[in-house]
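# Structural overview
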Amino acid sequence: LGTLSSPNSLRGLTFKAAVLIQQWYRRHVARLEMRRRCTWRIFQSIEYSCEQDQIKLHNFFSYLMDQFTPSSSKERDFISRMFISGESYKEAELEKYCDYESIEVPDSYTGPHLSFPLLPDHATALLEAFQQKQQLHARYVLNLLHETRKHLKQLPNISHVSTCYSEEVTVCGDLHGQLDDLFLIFYKNGLPSPSKSYVFNGDFVDRGKQSLEILVILFTFLLIYPKEVHLNRGNHEDHMVNLRYGFCAGLSTISRVHGKKILRMFQNVFCWLPLATLIDQKVLIIHGGISDTTDLEMLEKIQRDKFISVLRLKKRKESSRKPQIEAVNGESEAGTDAAGNEAAPRLSLQPQSAQAPNTANRLEFSRWLRQTVQEQIDTCRRLMDISESEPEELTYSSVVSLKDVDEPCWTRQEEWKQVLDILWSDPMPQEGCRENKVRGGGCYFGPDVTEKFLDKYSLQFLIRSHECKQEGYEFCHNRKVLTIFSASNYYEIGSNRGAYYQANKTAHMLTMTQRISRVEESAFRALREKLFAHTSALITAFRSYDGDNTGKITLSNWATAVESVLRLGLPWRMLRPQLVRSTEDGMLEYKSWLDDLAMEQRSQEHIQSSLLEVIYRNRSNLETIFRIIDRDHSGLISFEEFQQTWKLFSSHMNIELTDDGINDLVRSIDFNKDGNIDFNEFLEAFRLVKQRPS
Amino acid sequence: MAEQEKGRDGLIAEIEKKITEAFEVFDRESNKTVDGREIGCIIRSLGCFPNEAEVQELLAKIEEPDGFVHLENFLRVMTEVLLDRRFQPIPEDVILHAFEALDENKCGYITKEDLVKHLTEEGERFTQEEMEDMLVVALDPETNTLHYRDYRTKLVVDETKIFPFNV
């Protein structure tokens, strides 16, 4: 080295050195990339399996309606309370129930005050207040919601925006309660103003912690700049979805007293959100996507507020329904006419009875139940058909929340499908159009569907959201479809970027650092929890590879077994080093591995481990069911209600559980001695486990 | 003899499963094809240290005219690579010597300018993006130099946490 080498050989040396360093570095980068993608896969597969839970829940309710026969009067009462609400709100009643004028704002309140009509100063005050973690008083929230609803009612189903009037239009995707991302968008792009139009493409709520704040801000800007701010409805602006994904929970913690009213109002505001936005007649913005039957003309004409929730129950079986009504009513069942439209069944409009018939006959009870539900639906349908008077607002009990449960007339069915497709569909690379079984609603649409659609309506381009993308955005279908997702770090810090799109400019990106290992940690934690939740099934699978009962299996068989149980489609061999700590000569002692997993999860030592496993597996469904039972949204359910729910649920899911098991569980939770369970605490007890360092 | 063969068959089966898993992570459309430009990444994540020329050579054997690579072709070629243990890891001391060769004054660090010059002009040149990415992590922001011993250790430690490939 040094002075003795000629320049040529030195250059040759550094050349070789450079090659080595580059080779070595590129390997390092490839590893990181693989880790990043695996982590992504984990999150996605778990999220989609969560959405499948939603489907299971619906099947559960169908089961309750169709097949379950209660074994005691208590059970009967319980179920009937779940299904019968008899609540219907007319305009005036809504105002009265959710009135805000009687709510006093105490002197001690230091948050922002709103007065109507709103002015830009109010918006600034709100932004500042929320940045300082203050809350808006319930009175102002309700007032805002009333005004928003009034405004939204006069908007068409499809908003039209023209870039002649405002210099730029910015489109934002899913926010999911992540207020910081909204702030960042405003910071980078500017606040809405007469020269700066915004379109917010749905999914403002659920999952993130500040859904309410986001709605308040968006609605405020909507009212201040009605020509420049446009909101599209997303699939999460839907009562059934809110029950599951946290919006409802968030509201009840904010205000025990007024949470109920606020929630009711939201139901009646969400259904009035427009379904789509059209820019310059060229770019269509919808939340989910389209299908091969999407019809913009129909979408423009339907009464969008009818769809408080678009999620539906499975169709009840033909045979089980008709005879029952006959028997109870003594009237003959109406047939279908030539066009396939069902003639309105001739049931008399009796006032709903809130009490189940006092008979010990199970079968009669089921019939009564079915009939009452059917009656409700028909009543509502009848009311909707009155075209002269102002359409009445109807809210059902959260379970029977829509109009099309049973062979409705075909236009209703079609309308519903139009809305469902718009809110829930996803693009796919293959041609064609097929049912979106993963989400349980909407469809997958191919590039040919897009092309035909754009052609039919002379459009250039589709913008949609609904799917989280690692870079915050993604083009597909020959760059004719753009997915924009604005909630960054959706799964965990660093999991993805958020993005917003500016019409006439190339897509911007909000850059946020991706800290791979932290995201990984979170993904693997979630994965370990899933594994734990399937302990029994895993043991059975492992044993099938361990014929000689040695307690060990090969790592290869481990991977195959795990996939056969969890069915997440993950690259288990790549993930193994993070999940399996130690092996002996290439073999895994599976029982002790599972015990290790359990140690991480268990918080309540004395609860039967199989029970814990079951709860973990069904936690999100249980949570949703609880919230439905807690009809006054007080956060409390009685011990009996809990027991009943659990029994029903476990019998449907074929879970074996003794009464003792349930009692043990309840006893281990602190509940006030008046027999009520604060179920938030109950669920927290399991959530807390996740936060412990593993 | 038969035992050995059975063992080898089992080994091959396992290798094929690993290769398929890695491939599928990059298979965006779940149709058993990946973009040819990601092949280098996949090969490297399976434990190999090829240089760019070697990646291109491999790619040439299996790339379709439309730039995509099919799983079956990749599987065929990659299984051989792994069985033959090609593209072995670069030993730590070799990397150290490589850095030292770029450190003209032997002071334990390389300046940003020198680093950029060597890595973007010599060898299998870094792209602008690759260079920037490396600098972000590798450079000591106060002195704008790369202390290569620390850097190398840091990267090695990170790597051993994950995906060790055991044949």
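Keep in mind it's a predicted model, so treat the numbers as computed, not measured. (Residues numbered from 1 in each chain as written. Chains lettered and ligands numbered in written order. Predicted model: local features only at pLDDT ≥ 70, side-chain atom pairs only at ≥ 80, totals over all residues. Heavy atoms only, no water.)

## Looking at the packing of aromatic side chains
Any aromatic ring pair is given by two values, namely how distant the centres are and how the planes are angled relative to each other. All names here are of chain A. Under the convention used in this document: In summary, the pairing rule links any two rings of Phe, Tyr or Trp, Trp by its six-membered ring, whose centres are within 6.5 Å, and it sorts them by plane angle into stacked for under 30 degrees, edge-to-face for over 60 and tilted for everything else. The secondary structure listing takes helices from DSSP runs of H or I that are at least 4 residues long and strands from runs of E that are at least 2 residues long, numbered from the N terminus. Relative accessibility decides the category of a residue: with a 1.4 Å probe and only protein chains considered, values under 20% of the type maximum give buried, values over 50% give exposed, and everything between is partly exposed. Both a distance and an angle decide whether a charge sits over a ring: NZ of Lys or CZ of Arg must be within 6 Å of the ring centre and within 35 degrees of the ring normal.
Counting across every chain of the model gives 18 aromatic pairs over all chains. Relative to Tyr-140, the ring of Tyr-109 has its centre 6.2 Å away and its plane inclined at 45°; by these criteria the two rings are tilted. Pair noted here: Tyr-109 is in the loop between α3 (91–97) and α4 (120–131) and Tyr-140 is in helix α5 (residues 138–153), with a separation of 31 residues, a long-range link. Looking at Tyr-109, the relative accessible area reads 14%, which means it is buried. One aromatic cluster in this structure is built from Phe-186, Tyr-198, Phe-200, Phe-221 and Tyr-225. The side chain of Arg-479 reaches across the aromatic face of Phe-475, ending 3.9 Å from its centre.

## Some thoughts on helix α3 (residues 52–62) of chain B
Residues and elements named next belong to chain B. Selection rule: Starting at the helix axis, one direction is taken to each C-beta atom, and the arc is that of these directions. We call two residues in contact whenever any of their non-hydrogen atoms come within 4.5 Å of each other. A 3.5 Å cut-off defines polar contacts: any pair of N or O atoms within that distance qualifies, except that in protein one atom must be a possible hydrogen donor and the other a possible acceptor, and neighbouring residues in sequence count only when both atoms are side-chain atoms.
Within the span of α3, buried status applies to Val-55, Leu-58, Leu-59 and Ile-62. Down the axis of α3, the buried side of the element spans an arc of 100°, and every buried residue falls inside it. Residues of α3 that are exposed and angled more than 90 degrees away from the buried face: Ala-60 and Lys-61. The inward-facing, buried residues of α3 abut α2 (39–45), β2 (68–70) and α4 (71–83). Measuring from the backbone nitrogen of Ala-53 back to the side-chain oxygen at the start of α3 gives 3.1 Å, which picks out Asn-51 as the cap.

## Quick notes on the sheet that holds strand β6 (residues 283–285) of chain A
Residues and elements named next belong to chain A. The condition that has to hold: Any two strands between which DSSP finds at least two bridges are classified as paired. With axes taken as lines fitted to C-alpha atoms, and helix axes fitted only over the stretch in contact, angles between N-to-C directions fall between 0 and 180 degrees.
Here six strands make up an open sheet; going across it, the order is β1-β5-β6-β10-β12-β11 and the pairing mixed. Only two strands of the sheet have a single neighbouring strand rather than two, namely β1 (158–161) and β11 (473–476). Strand-to-strand twist across the sheet, computed as the mean angle between neighbouring axes with direction ignored, equals 20°. Where β11 and strand β12 (residues 481–484) come together, four bridges link them in antiparallel fashion. Bridge pairing links Phe-475 to Leu-482 in β12.

## So, the side chain of Thr-483 of chain A
Residue and element names in this part refer to chain A. Structurally, Thr-483 is set in strand β12. Residue classification places Thr-483 among the buried positions, given a relative accessible area of 1%. A polar side-chain atom of Thr-483 sits 3.0 Å from a polar atom in the side chain of Arg-464. Residues in contact with Thr-483, not counting those within four places in the same chain, are Arg-464, Ser-465, Glu-467, Lys-469, Gly-472, Tyr-473 and Glu-474.

## Thoughts on the sheet that holds strand β8 (residues 433–435) of chain A
All names here are of chain A. Ordered by their spatial adjacency, three strands build an open sheet running β7-β9-β8, and the pairing between neighbours is mixed. Whereas interior strands pair on both sides, the edge strands pair on one side only; in this sheet they are β7 (426–427) and β8. The pairing of β8 with strand β9 (residues 443–445) spans three bridges and is antiparallel. Among the inter-strand pairings, Glu-435 is bridged to a residue of β9, identified as Cys-443.

## Section: the pattern of salt bridges
Here is the rule: Only one rule defines a salt bridge in this text: a Lys or Arg side-chain nitrogen within 4 Å of an Asp or Glu carboxyl oxygen.
Applying the stated criterion across every chain, the model contains 14 salt bridges over all chains. In this structure, Arg-573 of chain A and Glu-14 of chain B form a salt bridge, with 3.0 Å as the shortest nitrogen-oxygen distance. In this pair, Arg-573 of chain A sits in helix α19 (residues 572–579) while Glu-14 of chain B sits in helix α1 (residues 2–25), so the two residues belong to two different chains. Classification of Arg-573 of chain A as buried rests on a relative accessible area of 13%. Across the pair Glu-52 of chain B and Arg-44 of chain B runs a salt bridge whose closest N-O atoms are separated by 2.9 Å.

## Structural notes on the UniProt feature "domain: EF-hand" (unreviewed entry) in chain B
This is how it is decided: UniProt positions are given in the numbering used here, feature names are shortened, and annotations may be inferred rather than shown by experiment.
Mapped onto this structure's residue numbering, the UniProt feature "domain: EF-hand" (unreviewed entry) falls at residues 14–49 and 90–125 of chain B. Strand forms 8% of residues 90–125 of chain B and helix 58%; the C-alpha atoms that close the span are 19 Å apart.

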